[in-house]
Amino acid sequence: MKYNFDKKVDRSKNHSAKWSEMDRHFISNDLIPLWVADMDFEVAPEIYEAMKEKLEQRIFGYVYRPDSYYQSACDWTKRRYGYEIDQKTLIHSPGVIPSISLIIRLFTNSSDKILIQPPVYQPFSSVVKKNKRTLVTNPLKEVNGRYIIDFDDFEEKCKDPDLKWFILCNPHNPVGRVWTKEELTRMAEICLKYNVRVISDEIWRDIVYKDYKFTPFASLSKEVEDITITCFSPTKTFNIAGLQASFVQFPRKEELEAFQDELAVLDIRRNNAFSLVAIEAGYRKGEGWLNALIDYLEENYNFLERYIKENIPKLKIIKPEGTYLVWLDFREFKLSDKEISRLLQEKAKVALQEGSIFGEEGRGFQRINIACPRYLLEEAIVRIKNVFSKI
Ligand SMILES: Cc1ncc(COP(=O)(O)O)c(C=O)c1O
């Protein structure tokens, strides 16, 4: 194999939030960390080489962004999703969540309501609340181990004239759905009918398993593109979240300019020197690595599913269609979230993300991050089995 995802990694001196900040959220730092969404894999050799070349220049002053940087994101989007975008509609931002927060500040009023679909990545609700906007939810429905959209409720919520924006998560963290073109089209039709604008968080767009297909929301039609602001980034794709860079696609020029002005006021409009070269290298040369990564993640998932079915039958596993996050259903144990988390930490010595942080719909669930060498995943699930198979 060209890339070795089984390689043992030592992140103890890596300033890793996942490994070294555990004691702020869990009982200690000596748990197996399967919580924060980054991967325990080295970056693609192509990214490493580009960063090394930059390092060897030994000067890290302010960087200028060449057109080829944005073009690499456009070319990638065209190649992988058949969606053509003009680089003039793209802008750099330090991250997807900062972008969503800024979009809310700039383009909504204090009386506006914003819709999300819990259980969902927890900053969606906090960013709405911290910006003092009203949060409205359209909870996803779990039907036989698969999450679907409650379209009647979605439409009811969108009918409210104060509901101005919807934050879509596609692929969805934590339930792992990659929304189909049909589902996206139905949501888009409702949004168009009731004048609801869409922020489409597509940070997970590149991590999608074989049998599924990702469709950019804005690619549905020109009409849909016009009501959408898309946030995407290769930081999950290539495990470079610590480089802090992302893209926002604005079909409306005046909104792009307002966003750009705001970044200029804060003087955070530039890339850092390393994100600039790492991202372009990833988009231009990292596809082979990414495809191999997805195969490895799929094997990790298959291993985990098999192991759980054979050894912990009361634990139900929700098959992800995308992302490297797996949603585990502990409800059959009939324990409180507090007790499940206590057992996982104190007895099994693993750090998973408690489901209820994604909304009350996540009660009884835990999210496990499977983007690690298999030996680590195996050790974690054996420890979980040793505790939970006796209950
Ligand atoms: C759906 C989703 N959006 C955004 C982020 C974070 O993005 P950023 O670090 O660019 O703010 C994450 C991280 O896990 C995520 O899962």
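As recorded by an unreviewed UniProt entry, the protein chain carries the name cysteine-S-conjugate beta-lyase and is attributed to Thermobrachium celere DSM 8682. UniProt's Sequence similarities (unreviewed entry) comment on the protein chain is quoted here verbatim: "Belongs to the class-II pyridoxal-phosphate-dependent aminotransferase family. MalY/PatB cystathionine beta-lyase subfamily." As recorded by UniProt, the Cofactor (unreviewed entry) comment attached to the protein chain reads in full: "pyridoxal 5'-phosphate".

(A) Representation of the overall build of the protein chain. Per the secondary structure count, the protein chain includes 14 helices and 15 strands. Compactness check: the protein chain gives a C-alpha radius of gyration of 21 Å against a globular reference of 21 Å for 391 residues, within 12% of the reference. Projected onto its principal axes, the C-alpha positions of the protein chain cover 60 × 55 × 35 Å. Within the span of the protein chain, comprising 391 residues, buried residues form 56% of the whole. If you take every contact in the protein chain between residues at least 6 apart in sequence, the share linking residues at least 24 apart comes to 75%. The averaged location of the 59 negative side-chain charges in the protein chain is 3 Å from the averaged location of its 59 positive side-chain charges.

(B) Structural context of helix H8 (residues 181–193). For H8, built from 13 residues, the straight-helix expectation of 18 Å at 1.5 Å per residue is met to within 8% by its first-to-last C-alpha distance of 18 Å. Every buried residue of H8 is listed here: Glu183, Leu184, Met187, Ala188, Ile190 and Cys191. Down the axis of H8, the buried set is contained in an arc of 165°. They therefore lie on one face. Exposed and facing more than 90 degrees away from the buried side of H8 are Glu182 and Lys193. Positive backbone phi, approximately 60°, marks asparagine 195, located one or two places after H8.

(C) Structural view of the pairing of strand E15 (residues 365–369). Judged by how many residues are buried, E15 sits mostly within the fold: five of five residues are covered. Judged by which residues are buried, E15 turns out to be covered on both faces: Phe365, Arg367 and Asn369 on one side and Gln366 and Ile368 on the other are all buried. Note: strand E12 (residues 325–329) against E15, five bridges, orientation antiparallel. Opposite aspartate 329, over in E15, you have phenylalanine 365 as the bridge partner. Two strands pair when backbone bridges link them, and strand E14 (residues 353–354) and E15 are joined in this way by two bridges, in the antiparallel orientation. Bridge pairing in E15 places glutamine 353 opposite arginine 367.

(D) The sheet that holds E12, seen in detail. With antiparallel pairing, four strands are arranged side by side in an open sheet as E11-E12-E15-E14. Either end of the sheet is taken by a strand with one partner, and the two such strands are strand E11 (316–318) and E14.

(E) Looking closely at the packing of helix H3 (residues 45–57) against helix H11 (residues 273–285). Following both chains from N to C, one finds H3 and H11 inclined at 150°, their axes separated by 8 Å at the closest point. Put simply, H3 runs roughly antiparallel to H11. Along this stretch, H3 crosses H11, giving a crossing that reads as right-handed. Between H3 and H11, the contacting residues are Glu46, Ile47, Ala50, Met51, Lys54 and Leu55 on the first element and Ala273, Phe274, Val277, Ala278, Ala281, Gly282 and Lys285 on the second. Here the contact of H3 with H11 is composed, by residue class, of nine nonpolar, one polar and three charged.

(F) Spatial organisation of the nonpolar core. Judged by nonpolar contacts, the single largest core of 103 residues is most densely connected at Tyr324 and Phe388. Ranked by residue count, the leading element in this core is helix H12 (residues 287–311), at 12 residues. Residues from two domains meet in this core; each of domain 1 (17–44 + 288–388) and domain 2 (60–284) gives at least three. Among the nonpolar cores identified, the runner-up in size contains 27 residues, and Cys158, Phe217, Val224 and Ile227 belong to it.

The rules behind each value
- Residues numbered from 1 in each chain as written.
- Predicted model: local features only at pLDDT ≥ 70, side-chain atom pairs only at ≥ 80, totals over all residues.
- Heavy atoms only, no water.
- UniProt positions renumbered as here; feature names shortened; annotations may be inferred.
- Helix = DSSP H or I, 4+ residues; strand = E, 2+ residues; numbered from the N terminus.
- Rg over C-alpha atoms; globule rule 2.2 N^0.38 Å.
- Buried < 20%, exposed > 50% of the residue type's maximum accessible area, 1.4 Å probe, protein only.
- Contact = heavy atoms within 4.5 Å.
- Lys, Arg positive; Asp, Glu negative; His and termini not counted.
- Charge placed at Lys NZ, Arg CZ, Asp CG, Glu CD.
- Expected span 1.5 Å × (residues − 1).
- Arc of directions from axis to C-beta.
- Pairing = 2+ DSSP bridges.
- Axes fitted to C-alpha atoms, helices over the stretch in contact; angles between N-to-C directions.
- Parallel < 35°, antiparallel > 145°, perpendicular 65-115°, else oblique.
- Left-handed = near helix turned anticlockwise from the far one by under 90°.
- Nonpolar A, V, L, I, M, F, W, Y, C, P; charged D, E, K, R; others polar.
- Core = buried A, V, L, I, M, F, W, Y, C linked by side-chain atoms within 4.5 Å.
- Domains from an automatic or database assignment.

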